[in-house]
Amino acid sequence: MTTEQTSPPRTGVGITASGLGQSVRDGRRILDDVSLAVEPGEMVAIIGASGAGKTTLLETLAGIRRPLSGTVSYDGQGAIGYVPQDDIIHRELPLDRTLRYAARLRLPPGTGPVEAADRVTEVLAELRLTERAAVPVGRLSGGERKRASIAVELLTRPGVFFLDEPTSGLDPAIAVELLRVLRALADARTTVVLTTHQITDVDRCDRVVVLTRQGRLAFTGTPAAAREFFGLPSLAEVHLRLDEETDPAAWPDRFAAYRHGDPPARRAESGAGRSERRQVGRLRQWAVLTVRDAEVVVRNRLTLAILLGSPLMVLGMFALLFRPGAFDPAQPSPNVTVMILFWIAFGGFFFGLTYGLLQICTELPILRRERLAGVRLVPYLMGKVAVLLPLLALVDLALLGVLRGIDRLPPVDGPEFAALYATLLLSSAAALALGLLCSAAVSDAAQATLMLPMLCFPQVLFVGAILPVPSMAVGGQWLSYAMSNRWAFEGLGHTAGVERLWRDGGSPLGPPLLETYGDSFSRPVWVNWLVLGGFVVLFLGATWAVLVRRGDRGTT
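Residues numbered from 1 in each chain as written. Predicted model: local features only at pLDDT ≥ 70, side-chain atom pairs only at ≥ 80, totals over all residues. Heavy atoms only, no water.

Draft legend 1. Local environment of the overall build of the chain. For the chain, the count of helices and strands is 20 helices and nine strands. Projecting the C-alpha coordinates of the chain onto the three principal axes gives extents of approximately 100 × 55 × 40 Å. Taken over 556 residues, the chain has a buried fraction of 53%. Counting only contacts in the chain whose residues sit at least 6 apart along the sequence, the fraction spanning at least 24 positions is 77%. In the form shown here, the chain has an accessible surface area of approximately 24100 Å², with 59% of it arising from carbon and sulfur atoms. (Helix = DSSP H or I, 4+ residues; strand = E, 2+ residues; numbered from the N terminus. Buried < 20%, exposed > 50% of the residue type's maximum accessible area, 1.4 Å probe, protein only. Contact = heavy atoms within 4.5 Å. Areas by Shrake-Rupley, 256 points an atom, 1.4 Å probe, with all protein chains shown as cover.)

Take a look at the structure:
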């Protein structure tokens, strides 16, 4: 494989690591005093037994993890490309669409759409993916998906590539083809550093780094020199040879003596490193992410069916559950009006929560990778809101419109209907923000799904519909203030005029029921709107803080 003639020559980045140390939360060292140098344009393999710290070393060299001790410096200019073990790109989108979005997020702000499209075409050709451009990523083969993941990083012509287990799980023939691609990148002066469990991968590399189970450096040098150092005809048994030593320091000490007479490793100036790329502005990031999120939703037919179908099912159940005429001033049904208003409020909450609950946890690896490329969290979150909130607005409007049409709502005029709609939409927005917060806090979709009943039950019990807030125990009354659904329920009740309906209607249940609720429905509706808006801001701010904290821990 050869590089396209239109591509400018790459300049590889050299790397110098000195005394690197890392540990986990329990204090156990997973890297211990690792020093090595990588020349520009070299292809380097990091090997070692499971738990030896290969991925940790790779992420530390790439700048994803901050070293507990020691330093990493770069010699030369060029962007940094990082390809994790998982193929973390949206599987719903065609390959060329995926790369176009990546180009708009990664290429310099002045890059025009034609230039970006040309770059995508060039990268597809370079990785021999042109014929697969229109195929959704989820339908690509394992090797093609890995090359697609590399293509995302190749858009910016990086000076160094870091890849975590690039051949893991691939068919041997596909793995060989992928290594040919990486070898071609190295031959074109792109520095390539990868971790691998496949010892056969090492023979295609210029240098091998061997780690002991204790995270110490046992050897670094050419594959031929490694075989000589360990006394093996093949490195296939290197892990066994390392484990034969009962003294963890034996191999690192032997290697220190082995290279004692070598010239000192090249040291880069402390200020040298990756080139400073102008990042895409927040507004452009928000626009690109919004369009991409919308396309992901539309192309995932199952998700779209759930988003639009579940409200229709809930609406049907409401129509079957409640009889018409409950808000008739001549013959009101106070108990039924309470339930109707509560379930409308809960419906808006449930829609918003379920829309947001799976949005971030399923994308955490993608978000982590894009943050390394300069994507900011505020545009990312606002992109989610910009796509999902209009869907919720449509669902809430349909819910109220249909219920009004089949006489399950009071005969309100235009302004009052608009107030009901504003209350319900704010309730959905608050629940959406809560769903995003919980989605950011968990690690996978299964955990998010388990949180659904835990979040819904308090919004049923402590809202004031089943048991009025003034009748609750003191602890329940205080907890009710934290329930966004309470403020939606009370706002809907105020706009629907339940105080007047219960007091002046013909039902004998109205006055005593109104007395148990106290002033729940007395406050102006704008107060409820203000509280619901505060929940939106609070939950979105907390989501941002959680993602920032997880990013600092290297888990996003």
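Draft legend 2. Region of interest: the nonpolar core. Within the largest apolar cluster, 84 residues are counted, with the highest numbers of intra-cluster contacts made by I344, F489 and W502. When residues no more than four places from it in sequence are discounted, the contact partners of I344 are F318, L399, L400, L403, L409, L424 and L492. By size, the runner-up hydrophobic cluster in this structure holds 80 residues, among which are V38, V160, L163 and A218. (Core = buried A, V, L, I, M, F, W, Y, C linked by side-chain atoms within 4.5 Å.)

Draft legend 3. Just the pattern of salt bridges, in detail. The final tally for this structure, using the stated rule, is 21 salt bridges. Put simply, E490 and R523 hold a salt bridge, and the shortest N to O gap is 2.2 Å. In this pair, E490 sits in helix α17 (residues 484-496) while R523 sits in the loop between α19 (510-517) and α20 (525-552), placing the two residues 33 residues apart along the sequence. Taken together, the salt bridges that share partners define one network made up of E59, R65 and R368. (Salt bridge = Lys/Arg side-chain N within 4 Å of Asp/Glu carboxyl O.)

Draft legend 4. Representation of the environment of P136 in the model. By the element assignment, P136 lies in the loop between α3 (113-126) and α4 (142-154). A relative accessible area of 21% places P136 in the partly exposed class. Setting aside chain neighbours within four positions, we find P136 in contact with R91, E92, L93 and P94.

Draft legend 5. Structural detail: unusual backbone geometry. We note that R157 has phi near 50 degrees; this positive angle belongs to a residue other than glycine. In this fold, R157 is placed in the loop between α4 and β6 (160-164). The class of R157 is partly exposed, set by a relative accessible area of 31%. Even without glycine at this site, E165 takes up a positive phi of about 50 degrees. Along the chain, E165 falls in the loop between β6 and α5 (172-187).

Draft legend 6. A look at the confidence of the model for the chain. This prediction gives the chain a mean pLDDT of 85; 91% of its residues lie at or above 70. With pLDDT under 50 throughout, residues 1-10 is counted as low confidence; its partners more than four residues away or in other chains account for 24 contacts. The model gives residues 263-276 a pLDDT under 50, and that stretch makes 29 contacts with residues more than four places away or in other chains. (pLDDT = per-residue confidence, 0-100.)

Draft legend 7. Quick look at the packing of aromatic side chains. This structure, assessed with the given rule, holds 19 aromatic pairs. Ring geometry for F230 against W251: centres 5.0 Å apart, planes inclined by 50 degrees, an arrangement best described as tilted. Of this pair, F230 sits in helix α6 (residues 223-230) while W251 sits in helix α8 (residues 250-258), placing them 21 residues apart in sequence. For the pair F342 and F489, a centre-to-centre distance of 6.4 Å together with 80 degrees between the ring planes defines the contact as edge-to-face. One end of the pair, F342, is in helix α11 (residues 334-357); the other, F489, is in helix α17, with 147 residues separating them in the sequence. Assessed through its relative accessible area of 1%, F489 is described here as buried. Through a chain of ring-to-ring contacts, three or more aromatic side chains come together here, namely F342, W343, F346, F349, F350, F489, Y517 and F521. In this arrangement the basic side chain of R486 is found over the ring face of Y481, its NZ or CZ atom lying 4.8 Å from the centre. The ring of W487 is capped by R486, whose NZ or CZ atom sits 4.7 Å from the centre of that ring. (Phe/Tyr/Trp six-rings, centres within 6.5 Å; stacked < 30°, edge-to-face > 60°. Lys NZ or Arg CZ within 6 Å of the ring centre and 35° of its normal.)

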